[in-house]
Amino acid sequence: LSEEELQPHRGLTQVLELFRRGNHNRATADTAMNKDSSRSHSLLRIRLRSRNLVTGEGSSAKLWLVDLAGSERVGRSEASGDRLKESQHINKSLSALGDCVAALSVKAAHVPYRNSKLTSLLQDSLGGDAKMLMYVQVSPSAADASETVCSLNFANRVKGVD
């Protein structure tokens, strides 16, 4: 992001324009499994600040909207070249996220946040007092059953984090 994009924005129009630009920069490509396969994760951080006009007390919060690129079985997606490298990076970061979720769910002494840029970025929003809500998009096709089961198992792991 540019320095301008890191500055506070006060209007919905500015925020929507940043979202549009981010969506435009998101990488997608055709694979054998998906015509418009996401080749990158998309993260939008919204920082909210408020002040009680009577008491003067202030509060702040951070909201992450994260659209994870889906895990694809390389054999089924027929990925090669750049698509194969992208798939490997996507799968590695999703695996790292799964490792963090697993460590958090058993309250492990060490959570491996540094294993990927994704988990490093989200570190302060995955554990502690943070709240997580996850939507999982799955395919109704019997041909995609194994990917659906993997996605649902991942969601079940996330559910175990306090």
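Above this text you will find the structure in question.
The model shown is predicted, which means the values in this text are computed figures rather than measured ones.

**Some points on the packing of helix H3 (residues 82–105) against helix H5 (residues 145–159)**
When two helices pack together, their arrangement is captured by the angle between the axes and the distance separating the axes.
Logical step 1: In the contact formed by H3 and H5, the axes pass within 8 Å of each other and the chain directions differ by 35°. Read as a crossing pair, H3 and H5 show a hand that is left-handed. Here H3 contributes Leu94, Leu97, Gly98, Asp99, Val101, Ala102 and Ser105 to the contact with H5, which in turn contributes Phe154, Arg157 and Val158.
Logical step 2: Classifying every residue of the contact of H3 with H5 by side-chain character gives six nonpolar, two polar and two charged.

**Description of the nonpolar core**
Logical step 1: With 14 residues, the main nonpolar core has Leu97, Val101, Leu104, Val111, Tyr113, Leu122 and Leu126 as its most contacted residues.
Logical step 2: The set of elements that each furnish at least two residues to this core consists of H3, helix H4 (117–126) and H5.
Logical step 3: Ranked by the residues each element gives to this core, the list is headed by H3, at five residues.
Logical step 4: Once residues lying within four places of it in the same chain are set aside, the contact partners of Leu122 are Leu43, Trp64 and Val66.

**Structural notes on unusual backbone geometry**
Logical step 1: The backbone of Lys107 shows a phi angle near 55°, a positive value even though the residue is not glycine.
Logical step 2: Tracing the backbone through its elements, the reader meets Lys107 in the loop between H3 and H4.
Logical step 3: On the accessibility criterion, Lys107 (59% relative accessible area) is exposed.

**Describing the pattern of salt bridges**
Logical step 1: Per the stated rule, a full pass over the model turns up two salt bridges.
Logical step 2: Between Glu17 and Arg20 there is a salt bridge, with the nearest N and O atoms lying 2.6 Å from each other. Here Glu17 and its partner Arg20 are both found in helix H1 (residues 12–25), three residues apart, which amounts to about one turn of the helix.
Logical step 3: Overall, the relative accessible area of 32% leaves Glu17 in the partly exposed class.
Logical step 4: Between Lys62 and Asp124 there is a salt bridge whose closest N-O contact spans 2.5 Å. Of this pair, Lys62 sits in strand E4 (residues 58–67) while Asp124 sits in helix H4, and the two are 62 residues apart along the sequence.
Logical step 5: On the basis of relative accessibility, which here comes to 32%, the residue Lys62 falls in the partly exposed class.

**Points about H5**
Logical step 1: The terminal C-alpha atoms of H5 lie 21 Å apart, and with 15 residues this matches the ideal 21 Å at 1.5 Å per residue to within 8%.
Logical step 2: Residues of H5 that are buried: Glu147, Thr148, Phe154 and Val158. Take H5 and look down its axis: the buried residues cluster within an arc of 125°, on one side only.

**So, the pairing of strand E3 (residues 42–51)**
Two faces belong to every sheet, and in a regular strand the side chains alternate between them.
Logical step 1: In the sheet, E3 pairs with E4 via ten bridges, with the strands oriented antiparallel. Note that in E4 the partner of Ser42 across the bridge is Asp67.
Logical step 2: Hairpin connection of E3 to E4: six residues between the antiparallel strands, including Gly56 at a positive phi of 80°.

**Some details on a nonpolar patch on the surface**
Logical step 1: Together, Leu12, Val15 and Leu16 give the surface a local cluster of nonpolar side chains, amounting to about 280 Å² of exposed area.
Logical step 2: Position of Leu12 among the secondary structure elements: in helix H1.

**Some thoughts on the side chain of Ser93**
Logical step 1: Along the chain, Ser93 turns up in helix H3.
Logical step 2: Residue Ser93 is classed as buried on the basis of its relative accessible area of 9%.
Logical step 3: Apart from residues no more than four positions distant in its own chain, Ser93 is found in contact with His41, Ser116 and Leu118.

Reading the values: the criteria
Residues numbered from 1 in each chain as written. Predicted model: local features only at pLDDT ≥ 70, side-chain atom pairs only at ≥ 80, totals over all residues. Heavy atoms only, no water. Axes fitted to C-alpha atoms, helices over the stretch in contact; angles between N-to-C directions. Helix = DSSP H or I, 4+ residues; strand = E, 2+ residues; numbered from the N terminus. Left-handed = near helix turned anticlockwise from the far one by under 90°. Contact = heavy atoms within 4.5 Å. Nonpolar A, V, L, I, M, F, W, Y, C, P; charged D, E, K, R; others polar. Core = buried A, V, L, I, M, F, W, Y, C linked by side-chain atoms within 4.5 Å. Buried < 20%, exposed > 50% of the residue type's maximum accessible area, 1.4 Å probe, protein only. Salt bridge = Lys/Arg side-chain N within 4 Å of Asp/Glu carboxyl O. Expected span 1.5 Å × (residues − 1). Arc of directions from axis to C-beta. Pairing = 2+ DSSP bridges. Patch = residues over 30% accessible without salt bridge, like charges linked within 9 Å, V, L, I, M, F, W, Y side chains within 5 Å. Areas by Shrake-Rupley, 256 points an atom, 1.4 Å probe, with all protein chains shown as cover.

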